[in-house]
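Chain by chain, the residues:
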Amino acid sequence: MQTDLAMLLAPVIAWDHTITLWLNRFAGDHAAVDRFIYNLADSAMLKGGLFMAFLWWQWFQRDAATSQRRQTILTALAGAILAIGVARVLQIMLPFRERPLHTDSLTMITPVGVNPDTLDGWSSFPSDHAVLFFALAMAVWRLHRPLGVLAFLWSAMAICLPRVYLGYHYATDILVGAAIGAVIMQLAFMLLRPALLAQPLLRWEARHATSFYCLAFLATLELAVLFQDVRQLASDSLGLVHHLTVTTAVATETE
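Quick caveat: nothing in here was measured; it's all calculated off a predicted structure.

As a further point, take the packing of helix 5 (residues 128-143) against helix 6 (residues 145-165). One way to put it is that helix 5 packs onto helix 6 with a least axis distance of 6 Å and a crossing angle of 165°. Judged by the angle between their axes, helix 5 and helix 6 are roughly antiparallel. For the pair helix 5 and helix 6, the crossing hand works out as right-handed. In contact with H129, A130, F133, F134, A137, M138, V140, W141, R142 and L143 of helix 5, helix 6 contributes R145, L147, G148, V149, A151, F152, S155, A156, I159, C160 and R163. Of the residues belonging to the contact of helix 5 with helix 6, the class tally is 15 nonpolar, three polar and three charged.

Following this line, the structure appears as structure tokens:
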């Protein structure tokens, strides 16, 4: 079974390696270019910040469609949170895939500014960036068609492509992640009916605006940074629990 799967995936893996090495041949030639791509890929403002700013802009527009638009935004935020959750579960549940940056057989040139240990121990498939930002691009497209097209292009060229160049992901990590994100957002709009989600939240906003906007700010802030600090804190907490458990077990055995 595993042999058949390996044979089936062999052409895909070979294609991934070809794309990665083709992009990587430009790495290290110009330090300024590498640093620009690294900073572009690392910028929370140019990734989630732009998308969250767009949603806040749409939220505070006042016209006849305000209520409907706000329902769409709330559904989009719920879909985005669901998308990043699904991406993380898939990364944990699916077979571990080492990132190009850490694959010795590729003999990649590490771009200037990149820490070789970046994301070590985190599976690359699927790309959580692709999942989230293509999900958000789908939401933008629902709210504003011309900007939605730009959102898809921005997600592909400014958010995902740099991560392939830097060795964080293979091309198929991005493509599959993009498809997952778009599908999850579509399902969110199909299944999360206004009466179940948006309308109760809008009633909360009308009655308790202070608490609503405080939590809405935190939710969009965490989405903008892909819940990075929350995930790191959870990972560190699990590590601490494991350390305490081992330490306690050793202490008990020596008594």
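Let's shift gears to the packing of aromatic side chains. Evaluated as defined, the whole model comprises 10 aromatic pairs. When the ring of F134 is compared with that of F152, the centres are 6.0 Å apart and the planes differ by 45°; the resulting orientation is tilted. Here the residue F134 occupies a position in helix 5, and F152 occupies one in helix 6, the gap between them amounting to 18 residues. Take F134: its relative accessible area is 13%, and that puts it in the buried class. What makes F152 partly exposed here is its relative accessible area of 23%. Here F212 and Y213 contribute two aromatic rings whose centre-to-centre distance is 5.1 Å and whose plane-to-plane angle is 90°, an arrangement assigned as edge-to-face. A connected cluster of aromatic rings, assembled from ring pairs, spans W56, W59, F60, W204, F212 and Y213. Against the face of F189 rests R142, its NZ or CZ located 4.1 Å from the ring centre. Here the guanidinium or amino end of R145 rests over the ring plane of W141, the centre of that ring lying 3.6 Å away.

For the rest of this paragraph, the subject is the packing of helix 4 (residues 66-93) against helix 9 (residues 209-224). In contact at an axis separation of 11 Å, helix 4 and helix 9 are set at 45° when each is read in the N-to-C sense. It follows from the interaxial angle that helix 4 and helix 9 lie oblique. When the axes of helix 4 and helix 9 are compared, the crossing they make is left-handed. Residues R70, L74, L77, A80 and I81 of helix 4 form the contact with helix 9, whose participating residues are F212, Y213, T220 and L223.

Moving on, we get to the pattern of salt bridges. Within the structure shown, the criterion is met by four salt bridges. For R97, the salt bridge is made with D173, and the minimal N-O distance between the two is 2.8 Å. Here the residue R97 occupies a position in the loop between helix 4 and helix 5, and D173 occupies one in helix 7 (residues 171-191), the gap between them amounting to 76 residues. The burial state of R97 is the same as that of D173; both residues are buried. Where salt bridges share partners, they join D16, R97 and D173 into one cluster.

Attention now goes to the side chain of K47. Mapped onto the elements of the fold, K47 is located in helix 3 (residues 45-59). There is no salt bridge for the buried K47, and the closest opposite charge comes from D42, which lies 5.6 Å off by N-O distance. Contacts of K47, omitting those with residues within four sequence positions, involve A41, D42, H129, F133, I159 and R163.

Compared with an ideal rise of 1.5 Å per residue, which puts 12 residues at 16 Å, helix 2 (residues 31-42) spans 16 Å between its outermost C-alpha atoms and is within 8% of the ideal. For helix 2, the set of buried residues is D34, I37, L40 and A41. Around the axis of helix 2, the buried residues are gathered within 130° of arc, so they sit on the same side. Helix 2 presents A32, F36 and D42 as exposed residues on the side facing more than 90 degrees away from its buried surface. Looking at the buried positions of helix 2, the neighbouring elements they touch are helix 3 and helix 6.

The rules behind the values
Residues numbered from 1 in each chain as written. Predicted model: local features only at pLDDT ≥ 70, side-chain atom pairs only at ≥ 80, totals over all residues. Heavy atoms only, no water. Axes fitted to C-alpha atoms, helices over the stretch in contact; angles between N-to-C directions. Helix = DSSP H or I, 4+ residues; strand = E, 2+ residues; numbered from the N terminus. Parallel < 35°, antiparallel > 145°, perpendicular 65-115°, else oblique. Left-handed = near helix turned anticlockwise from the far one by under 90°. Contact = heavy atoms within 4.5 Å. Nonpolar A, V, L, I, M, F, W, Y, C, P; charged D, E, K, R; others polar. Phe/Tyr/Trp six-rings, centres within 6.5 Å; stacked < 30°, edge-to-face > 60°. Buried < 20%, exposed > 50% of the residue type's maximum accessible area, 1.4 Å probe, protein only. Lys NZ or Arg CZ within 6 Å of the ring centre and 35° of its normal. Salt bridge = Lys/Arg side-chain N within 4 Å of Asp/Glu carboxyl O. Lys, Arg positive; Asp, Glu negative; His and termini not counted. Expected span 1.5 Å × (residues − 1). Arc of directions from axis to C-beta.

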